[in-house]
Amino acid sequence: MAELPVLGDRYELLAELGAGASGAVYRAHDRVLGREIAVKWMLELPTAEDARRFRREATLASSFRHPDVIEVFDVGEHAGQLFLAMELVGAPSLAAALVDTIDPPTITGTIKLAAMVATLIEAAHAAGVVHRDLKPANVFVEGTLAAPTRCRLTDFGLAFMLDPPQDTLGRFTVEGVLLGTPLYMAPEQAEGRTVGAAVDVYALGCMIHEMLSGRPPFVGNVARVLAGHA
């Protein structure tokens with residue numbers, strides 16, 4: 001197996017924690033501060049839009065400081081590929097926890113966890129930040145699903161500010177592309193209309209449905225899911 005690189009001559013990648021279509025998250029060692037962190041590394045050469053979104057994510061996550069929002073420490077580039085250095089969280093994502101049949105959600109646990117996420121959303125909206133991609137993969141749960149003790153929020157790649165101090169932090173669109181995750185999209189999001197804070201509340205409702213019933217409200221191909229939301 002190829003040796004993992006040291007990003008920016010500082011972040012020594014140790015092990016892969018998860019991977020997606022365009023990048024991966026690694027457990028890493030920060031050689032400067034002597035601590036373990038997480039690194040989100042884009043494994044493809046970025047387009048100008050990719051680079052803009054990566055830097056937006058770092059700026060927005062840093063602008064909304066909350067103890068339950070996973071902190072972004074740094075953004076950089078290695079061999080032309082972008083990376084984010086972030087706080088390392090030992091707890092599993094809600095998406096991972098939901099496939100663990102040993103610890104299924106309970107009604108009481110779901111209510112408690114939903115209240116935690118709602119509190120986080122409320123704090124974000126009070127700071128003028130809309131997440132726009134709230135889903136189980138972006139929520140990390142400490143404790144068990146039957147008795148959660150804390151939840152953490154991450155991934156502000158699609159977030160925007162309602163009253164941004166600079167235009168680059170406001171709403172953005174990509175022509176011909178629906179921004180978000182179809183299984184958790186609010187109707188206005190699914191239809192490509194202007195979105196606001198309500199999309200996060202709707203996404204939380206979809207997550208509650210999934211925790212209680214075992215699946216999101218609408219399943220099937222993307223067209224069927226979007227039509228269901230709409």
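Scroll up to find the structure this text is about.
### Comments concerning the overall build of the chain
Now for step 1: Of the regular secondary structure elements, the chain holds six helices and 10 strands.
Now for step 2: Relative to the 2.2 N^0.38 estimate, which gives 17 Å for 230 residues, the radius of gyration of the chain is 18 Å and therefore close to what a compact globule would have.
Now for step 3: Taken along its principal axes, the extent of the C-alpha atoms in the chain is 45 × 45 × 35 Å.
Now for step 4: A burial count over the chain gives 43% of its 230 residues as buried.
Now for step 5: Restricting the contact set of the chain to residue pairs at least 6 apart, pairs at least 24 apart contribute 58%.
Now for step 6: Accessible surface computed for the chain: about 11,400 Å², of which carbon and sulfur atoms make up 55%.

### Remarks on the packing of helix α3 (residues 107-126) against helix α5 (residues 198-213)
Now for step 1: Here α3 crosses α5 at 165°, and the two axes come no closer than 10 Å. Relative to α5, the element α3 lies roughly antiparallel. Seen along the crossing, α3 lies across α5 with a hand that is right-handed. Counted together, I107, T110, L113, A114, V117, A118, I121 and H125 of α3 and D200, V201, L204, I208, M211 and L212 of α5 form the full contact between these two elements.
Now for step 2: For the contact of α3 with α5, a count of residues per class yields 11 nonpolar, two polar and one charged.

### Thoughts on the side chain of N138
Now for step 1: Its place among the elements puts N138 in the loop between β7 (129-130) and β8 (139-143).
Now for step 2: For N138, the residues in contact, after removing those within four places along its chain, are H131, D133, R152, L153, T154 and D155.

### Some remarks on the side chain of D68
Now for step 1: With respect to the helices and strands, the residue D68 is situated in the loop between α1 (48-63) and β5 (72-78).
Now for step 2: Classification of D68 as buried rests on a relative accessible area of 19%.

### Considerations on the pairing of strand β4 (residues 35-42)
Now for step 1: Buried residues dominate β4, accounting for six of its eight residues.
Now for step 2: The turn linking strand β3 (residues 23-30) back onto β4 is made up of four residues, and G34 within it adopts a positive phi angle of 65°.

### Focus: a nonpolar patch on the surface
Now for step 1: Taken together, the side chains of I107, I111 and L212 make up a nonpolar region of the molecular surface, amounting to roughly 330 Å² of accessible area.
Now for step 2: With respect to the helices and strands, I107 occurs in helix α3.

### Topic: the packing of aromatic side chains
Now for step 1: Applying the stated criterion to the full structure yields two aromatic pairs.
Now for step 2: Seen from their ring centres, Y11 and F83 are 5.7 Å apart, and the 70° between their planes marks the pair as edge-to-face. Highlighted residues: Y11 in strand β2 (residues 11-19) and F83 in strand β6 (residues 81-86), separated in sequence by 72 residues. Comparing Y11 with F83 shows no difference in burial state: the two are buried.

### Some remarks on the pattern of salt bridges
Now for step 1: Taken as a whole and judged by the stated rule, the model has 11 salt bridges.
Now for step 2: As a salt-bridge pair, E12 and R31 come within 3.6 Å of each other at their nearest N and O atoms. On the criterion of sequence distance, the pair formed by E12 in strand β2 and R31 in the loop between β3 and β4 is long-range, its members being 19 residues apart.
Now for step 3: E12 sits in the partly exposed class, given a relative accessible area of 28%.
Now for step 4: In this structure, E36 engages R27 in a salt bridge whose closest nitrogen and oxygen atoms are separated by 3.0 Å.
Now for step 5: Members of the salt-bridge network, linked through shared partners, are R10, D30 and R35.

Conventions we followed
- Residues numbered from 1 in each chain as written.
- Predicted model: local features only at pLDDT ≥ 70, side-chain atom pairs only at ≥ 80, totals over all residues.
- Heavy atoms only, no water.
- Helix = DSSP H or I, 4+ residues; strand = E, 2+ residues; numbered from the N terminus.
- Rg over C-alpha atoms; globule rule 2.2 N^0.38 Å.
- Buried < 20%, exposed > 50% of the residue type's maximum accessible area, 1.4 Å probe, protein only.
- Contact = heavy atoms within 4.5 Å.
- Areas by Shrake-Rupley, 256 points an atom, 1.4 Å probe, with all protein chains shown as cover.
- Axes fitted to C-alpha atoms, helices over the stretch in contact; angles between N-to-C directions.
- Parallel < 35°, antiparallel > 145°, perpendicular 65-115°, else oblique.
- Left-handed = near helix turned anticlockwise from the far one by under 90°.
- Nonpolar A, V, L, I, M, F, W, Y, C, P; charged D, E, K, R; others polar.
- Pairing = 2+ DSSP bridges.
- Patch = residues over 30% accessible without salt bridge, like charges linked within 9 Å, V, L, I, M, F, W, Y side chains within 5 Å.
- Salt bridge = Lys/Arg side-chain N within 4 Å of Asp/Glu carboxyl O.
- Phe/Tyr/Trp six-rings, centres within 6.5 Å; stacked < 30°, edge-to-face > 60°.

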